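# Geometric and topological summary
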Amino acid sequence: MTAYLITGAGIVGGEVADLLIDNGEIVAVGTGLDAPADAETIDAKGLIALPGLVDLHTHLREPGREDAETVLTGTRAAALGGFTAVFAMANTDPVADTAGVVEQVWRLGREAGYADVFPIGAVTVGRQGTQLAELGAMADSAARVRVFSDDGDCVWDAALMRRALEYVKAFGGTIAQHAQEPRLTKGAQMNEGALSGVLGLQGWPSVAEEAIIARDILLNHHVGSKLHICHLSTKGSVDIVRAAKKRGLEVTAEVTPHHLLLTEDLASTYNPVFKVNPPLRTKEDVEAVREGLADGTIDIVATDHAPHPVEDKDCEWSAAAFGMLGLETALSVVQHAMVDTKLLTWADVADRMSYRPAAIGQISDHGQPLTAGAPANVVLVDPAAQREIKSAESASLSRNTPFHGMTLPGKVVATFLRGEPTVLNGSAVNKEAAK
């Protein structure tokens, strides 16, 4: 394994220092380091060193929809975005509701080599919301599943949600809820409000999200388990989670990059690339989720990377699939919306995009500070870079990025997974050739 000496990096945006990486670990952090003679040197002057990013909410589509994404292409996109670990959602075909399927996804991640893949198991059989899936078997499998979600569908039955929360207590698992009351969102296409009426699109009310969040926080308090809220998107949801945390209730929450930046106004274009679940909300909601992320009410940023083939997006709005790409642009969007606006520091970014998601997902080899002895999961970012996002240049198999044509700050220059480069000089390393 090649040793690397990274010189002159701003450690999580602060003190400038060198990092020596060897044998999968950060050997030393400081100045004037004694590196092996054969170590490769990377000049990181002007760059920021962050711990490898962790995404708690990724759709890799494999098995079943390899026309949209595979574990290989999705994790390559993740590495280019600075991620060293991703949690793969269960809405595959077949659904990841058994030990066999989650182990398959886990092994595909290990074979790809671009990022560690941690499967999320379905809460219910087939994500149908009627019967609990094999939660214990998935937890005991080689994939060691600790997070469960029917994402894409809500566990809307309160009694079933309670049983799920109770069941995972035995092994310290977490239920990650897709907060969407289905009876309030039947046929919904975009955020409910004046604009949805003008556009003639069925509205998606904020209360459909907020009601489930409030219910599940109370259920979880009763049970004493672990609850995580996926892709929180409204001001009311932020207020509910903030009040719960002030009362000492156990809940964690995430926000996506697109909900930190984009608003419902984009639906006026009728371009299905902006169709997403939950929908893009109002400017007031965007300001509220930014504030919630800044003050810690919202624990983490998670991409909800949702690739779709062209035919599922290049059609009329009502027929189009919900979802957007997010892995390659997440860090740039966070820099634009949160760092450059002084709402977060780079140390805060490390917290919201590495430390905390790793803790929620219960993975000890990721989300560690850049200190001697820590696993060498490192990303180098050029915060001064400006880049125009072009969908055709995505490493994903899909092209449904909502940021196409936008100029965003920041660029990932290098990513290391346990000391092995997955990205160098801004380009993905050819892992297949290395094998």
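Relevant structure appears above.
I will try to describe carefully the structure that is included in this document. (Residues numbered from 1 in each chain as written. Predicted model: local features only at pLDDT ≥ 70, side-chain atom pairs only at ≥ 80, totals over all residues. Heavy atoms only, no water.)

## Thoughts on the sheet that holds strand 7 (residues 83-88)
Short version of the rule: By this definition, two strands are paired if DSSP reports at least two bridges between them. Every helix listed is a DSSP run of H or I at least four residues long, and every strand listed is a run of E at least two residues long, numbered separately from the N terminus. Fitted lines through C-alpha atoms serve as axes, helices being fitted only where they are in contact, and the angles separating the N-to-C directions of these axes extend from 0 to 180 degrees. Contacts: residue pairs with any heavy atoms within 4.5 Å of one another.
Pairing in this open sheet of three strands is parallel, and the strands run 6-7-8 from one edge to the other. Sheet topology places strand 6 (53-58) and strand 8 (116-119) at the edges, where each strand pairs with a single neighbour. Averaged over all pairs of adjacent strands, the angle between their axes in this sheet comes to 20°, without regard to strand direction. Pairing geometry for strand 6 and strand 7, over four bridges, is parallel. From the neighbouring strand, Thr58 faces strand 7, where its bridge partner is Ala88. Running over the sheet, helix 1 (residues 71-80) touches strand 7 and strand 8 and is turned about 135° from strand 7.

## Overview of helix 9 (residues 283-295)
Three- or four-residue spacings in an α-helix give side chains the same orientation, since the helix completes a turn every 3.6 residues. Test applied: Any helix carries an expected span of 1.5 Å times its number of residues minus one. Partly exposed describes any residue whose relative accessible area lies between the buried limit of under 20% and the exposed limit of over 50%, with all areas from a 1.4 Å probe on protein chains only and scaled to the type maximum.
With 13 residues, helix 9 should reach 18 Å at 1.5 Å per residue; the first-to-last C-alpha distance of 18 Å fits that figure. Those residues of helix 9 that sit buried are Asp285, Val286, Ala288, Val289, Arg290, Gly292 and Leu293. Looking at the buried side of helix 9, the elements it contacts are helix 7 (235-246), strand 14 (252-255), helix 8 (257-261), strand 15 (300-301), helix 11 (330-339) and helix 12 (346-361). Count one or two residues on from helix 9 and you reach Gly296, which has phi positive near 90°.

## Thoughts on the nonpolar core
Let me state the cut-off plainly: The term nonpolar core refers to a set of buried residues drawn from Ala, Val, Leu, Ile, Met, Phe, Trp, Tyr and Cys, joined through side-chain atoms within 4.5 Å.
In terms of nonpolar packing, the biggest core is built from 72 residues, with Leu50, Phe148, Leu260, Leu331 and Met353 touching the most fellow members. Sort the elements by how many residues they give to this core and helix 11 lands first, with six residues. In contact with Met353, not counting residues within four places along its chain, are Leu53, Val54, Phe83, Val301, Ala330, Leu331 and Val334. The next biggest cluster of nonpolar side chains, apart from the first, holds 19 residues, and it includes Tyr4, Ile11, Ile21 and Ile26.

## Observations regarding the pattern of salt bridges
Going by this rule: What counts as a salt bridge is simple: a side-chain nitrogen of Lys or Arg found within 4 Å of a carboxyl oxygen of Asp or Glu.
As enumerated under the stated definition, the model contains 16 salt bridges in all. With a shortest N-O distance of 2.9 Å, Arg65 and Asp67 are connected by a salt bridge. A relative accessible area of 40% places Asp67 in the partly exposed class. Between Glu209 and Arg281 there is a salt bridge; the shortest N-O distance is 3.7 Å. Highlighted residues: Glu209 in helix 6 (residues 206-223) and Arg281 in the loop between helix 8 and helix 9, separated in sequence by 72 residues. With a relative accessible area of 1%, Arg281 lands in the buried category.

## Things to note about the packing of helix 7 against helix 9
Operational definition: Any angle from 65 to 115 degrees is called roughly perpendicular, while one under 35 is roughly parallel, one over 145 is roughly antiparallel, and all others are oblique. Charged means Asp, Glu, Lys or Arg here, nonpolar means Ala, Val, Leu, Ile, Met, Phe, Trp, Tyr, Cys or Pro, and polar covers whatever is left, Gly included.
At a minimum axis distance of 8 Å, the contact between helix 7 and helix 9 shows a crossing angle of 25°. Considering the angle they form, helix 7 stands roughly parallel to helix 9. Residues Lys235, Val238 and Arg242 of helix 7 lie in contact with helix 9, whose contacting residues are Glu284, Asp285, Ala288, Val289, Glu291, Gly292 and Asp295. Residues of the contact of helix 7 with helix 9, tallied by class, amount to three nonpolar, one polar and six charged.

## Things to note about the side chain of Thr73
This is how it is decided: By the criterion applied in these results, polar contacts are pairs of N or O atoms within 3.5 Å in which, for protein atoms, one can donate a hydrogen and the other can accept it, and in which residues neighboring in sequence qualify only through two side-chain atoms.
Position of Thr73 among the secondary structure elements: in helix 1. Residue class for Thr73 comes out buried when judged on its relative accessible area of 9%. A polar atom in the side chain of Thr73 sits 3.0 Å from the backbone nitrogen of Thr70. Among residues more than four places away in sequence, those in contact with Thr73 are Ala395 and Leu397.

## Let's talk about the packing of helix 4 (residues 158-168) against helix 6
For any two helices packed against each other, one specifies the inter-axial angle together with the distance between the axes. The condition is simple: Should the near helix be turned anticlockwise from the far one by less than a right angle, the crossing is left-handed, and should it be turned clockwise, the crossing is right-handed.
At a closest axis distance of 10 Å, the pairing of helix 4 and helix 6 adopts a crossing angle of 45°. The orientation of helix 4 relative to helix 6 falls into the category oblique. The handedness of the crossing between helix 4 and helix 6 comes out as right-handed. Residues Ala158, Met161, Arg162, Leu165 and Glu166 of helix 4 form the contact with helix 6, whose own contacting residues are Arg215, Asp216, Leu219, Asn220, His222 and Val223. Its residues assigned to classes, the contact of helix 4 with helix 6 shows five nonpolar, two polar and four charged.

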